[in-house]
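# Commentary on secondary and tertiary structure
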Amino acid sequence: MLFWPLFALPTIAGTCAPVSSVAVMYYPNGVMKETYQFSHTPPKHVFINTRVIAEAPDVYLWTGMGDTMAKHFETTLAARGRDLAHGDAFGVAAGIQCYKPLVKYGAKALEDCKNNTPSFEVEQICLCNLVTTGMVSNFIDFSLNSCIAHSLFYGFTVLPQIEKNHLHGEVVSYGVLVQLIYDGQYDKLDELYPFYKSVKLPTKLADIEVSFEELGPVIDKTLEVRDIKNAPYEVTAQKLLDSIAELEEYNKSH
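The residue count restarts for each chain, going from 1 along the sequence in the order it is written. Per-residue local features of the predicted model are confined to residues with pLDDT of at least 70, and side-chain atom pairs are confined, for both listing and counting, to 80 or more; whole-chain, interface and lining totals are unaffected and use all residues. Each side-chain value is worked out from all heavy atoms of the structure, with water and hydrogens disregarded.

## Regarding the nonpolar core
Buried together is how nonpolar side chains tend to be arranged in soluble globular proteins. Side-chain atoms within 4.5 Å link the members of a nonpolar core, which is a set of buried Ala, Val, Leu, Ile, Met, Phe, Trp, Tyr and Cys residues. Accessibility here uses a 1.4 Å probe with only protein chains present; expressed as a share of the type maximum, an area under 20% marks a residue as buried, one over 50% as exposed, and anything in between as partly exposed. Of all hydrophobic cores here, the largest spans 60 residues; its most connected members are Met69, Phe156, Val176 and Leu192. A per-element tally of this core places helix α8 (residues 168-182) first, with nine residues. Only heavy atoms matter for contacts: two residues are in contact if any of them lie within 4.5 Å across the pair. Apart from residues lying up to four places away in sequence, valine 176 is in contact with Met69, Ala70, Phe73, Ala149, Leu192 and Tyr196. Ala79, Val92, Ile140 and Leu144 belong to the second-largest nonpolar core, a separate cluster that totals seven residues. Only DSSP runs of H or I reaching four residues or more are called helices, and only runs of E reaching two or more are called strands; each is numbered from the N terminus.

Right under this line is the structure:
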């Protein structure tokens, strides 16, 4: 069978899709499908023009940072306790570059994008959102690619306001904070919270227009998706609810 080479020309830096060989599929109503699509190889070449991306709506760079942040924290959690092959270990180690540059350059890059300025900081975040995250995804086994944060996003897609008013990386970034609490990584929560506030990523349910009373079907869907099985322990509905409630209280004191 003949496979034509694929070239990608991203006009936004919202996800790692232009570099990754995996595609998440959705039903027309915005709810995630149960299966993923995989290509035999990632794109042959990705052409990134930072001026084009800087002149695109800044919301896409913003949501891309949220999605990218998850890559480090989810892969390291999914890899915990596993004897990793070389490619998997390399991908997990590289994932640190899906986190540190965001904290260092993210706020400035977002401000420059709002001003349509293709700065050094915009370039760093473009490379982080598109290339580093995509390369990590391509190196590691799919069972390491995501964990609690993305599972929560897929759960939230059952709510109409998520599909109507909120973007993938935005909601995933909220899931990162829930995952940190679930896993007891309070030092990372304390580190990331100021960054989230500085760029206005969501830190509580109200930020994504969700009430605690709506979480029943969200949690049910979260526990159905395959990504939740990547955690190194069983993830339960009650502990997810407790972690969300704890994050609500954290917001009140910070």
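## A look at the packing of aromatic side chains
Here a Phe, Tyr or Trp ring, Trp counted by its six-membered ring, pairs with any other such ring whose centre lies within 6.5 Å, and the pair is stacked when the planes are under 30 degrees apart, edge-to-face when over 60, and tilted otherwise. Going through the model one piece at a time under the given rule, you end up with nine aromatic pairs. Considering the side-chain rings of tyrosine 105 and phenylalanine 120, the 5.6 Å spacing of their centres and the 80 degrees angle between planes classify their relative orientation as edge-to-face. Pair noted here: tyrosine 105 is in helix α4 (residues 100-114) and phenylalanine 120 is in helix α5 (residues 120-139), with a separation of 15 residues, a long-range link. Look at phenylalanine 120 and you get partly exposed, because its relative accessible area is 46%. Counted as over-ring charges are cases with an Arg CZ or a Lys NZ within 6 Å of the ring centre that also lie within 35 degrees of the ring normal. One residue, lysine 239, lies across the ring of tyrosine 182, its end atom 4.6 Å from the ring centre.

## Observations concerning the environment of glutamate 111
Structurally, glutamate 111 is set in helix α4. Along the sequence, glutamate 111 and glutamate 121 sit 10 residues apart, while their C-alpha atoms lie 9.7 Å from each other.

## Structural notes on a nonpolar patch on the surface
Patch membership needs two things, relative accessible area over 30% and no salt bridge, and members are linked within 9 Å if like-charged or within 5 Å if nonpolar (Val, Leu, Ile, Met, Phe, Trp, Tyr). Every accessible area reported is derived by Shrake-Rupley at a probe size of 1.4 Å, with residue values counting cover from the shown protein chains alone. For this analysis, a salt bridge means a side-chain nitrogen from Lys or Arg found within 4 Å of a carboxyl oxygen belonging to Asp or Glu. Residues Phe7, Leu9 and Phe47 make up a contiguous nonpolar surface patch of roughly 330 Å² in combined accessible area. Counting through the fold element by element, leucine 9 comes out in the loop between β1 (7-8) and β2 (22-26). In this structure leucine 9 comes out as exposed when scored by relative accessible area, which is 60%.

## Focus: the confidence of the model for the chain
Looking at the chain as a whole, its pLDDT mean stands at 91, while 93% of the residues score no less than 70. Values of pLDDT, the confidence the predictor places in each residue, fall between 0 and 100. The lowest-confidence element of the chain is strand β3 (residues 32-38), averaging 62 in pLDDT; the highest-confidence one is helix α11 (residues 237-252), averaging 98.

## Side note on unusual backbone geometry
Phi is positive for asparagine 116, close to 55 degrees, though the residue is something other than glycine. Inspection of the secondary structure assignment puts asparagine 116 in the loop between α4 and α5. Phi at glutamate 209 is positive, roughly 60 degrees, even though this residue is not glycine.

## Quick look at α11
In this model α11 runs 23 Å from its N-terminal to its C-terminal C-alpha over 16 residues, within 8% of the 22 Å that 1.5 Å per residue would give. When α11 is considered as a whole, its buried residues turn out to be Leu240, Ser243, Ile244, Leu247, Tyr250 and Asn251. Projected onto a plane normal to the axis of α11, the buried residues spread over an arc of 115 degrees and lie on a single side. Where α11 is buried, its residues contact α6 (148-156), α8, α9 (186-199) and α10 (215-222). Each helix should span, by expectation, one fewer than its residue count multiplied by 1.5 Å. Of all possible arcs, the one meant is that of the directions from the helix axis to the C-beta atoms.

## Quick word on the packing of helix α2 (residues 58-79) against α9
The description of two packed helices rests on the angle between their axes and on the distance between the axes. Geometry is summarised by axes, namely lines fitted to C-alpha atoms with helices restricted to the contacting stretch, and by angles between N-to-C directions that run from 0 to 180 degrees. Packing of α2 against α9 leaves a shortest axis separation of 12 Å and a crossing angle of 170 degrees. One finds that α2 runs roughly antiparallel with respect to α9. For the pair α2 and α9, the contacting residues are Trp62, Met65, Met69 and Phe73 in the first and Lys188, Leu192, Phe195, Tyr196 and Val199 in the second. In terms of residue class, the contact of α2 with α9 is made up of eight nonpolar, no polar and one charged. Oblique is the label for any angle not under 35 degrees, not over 145, and not in the 65 to 115 range, which are roughly parallel, roughly antiparallel and roughly perpendicular in turn. Polar here means any residue other than Ala, Val, Leu, Ile, Met, Phe, Trp, Tyr, Cys and Pro, which are nonpolar, and Asp, Glu, Lys and Arg, which are charged; Gly is therefore polar.

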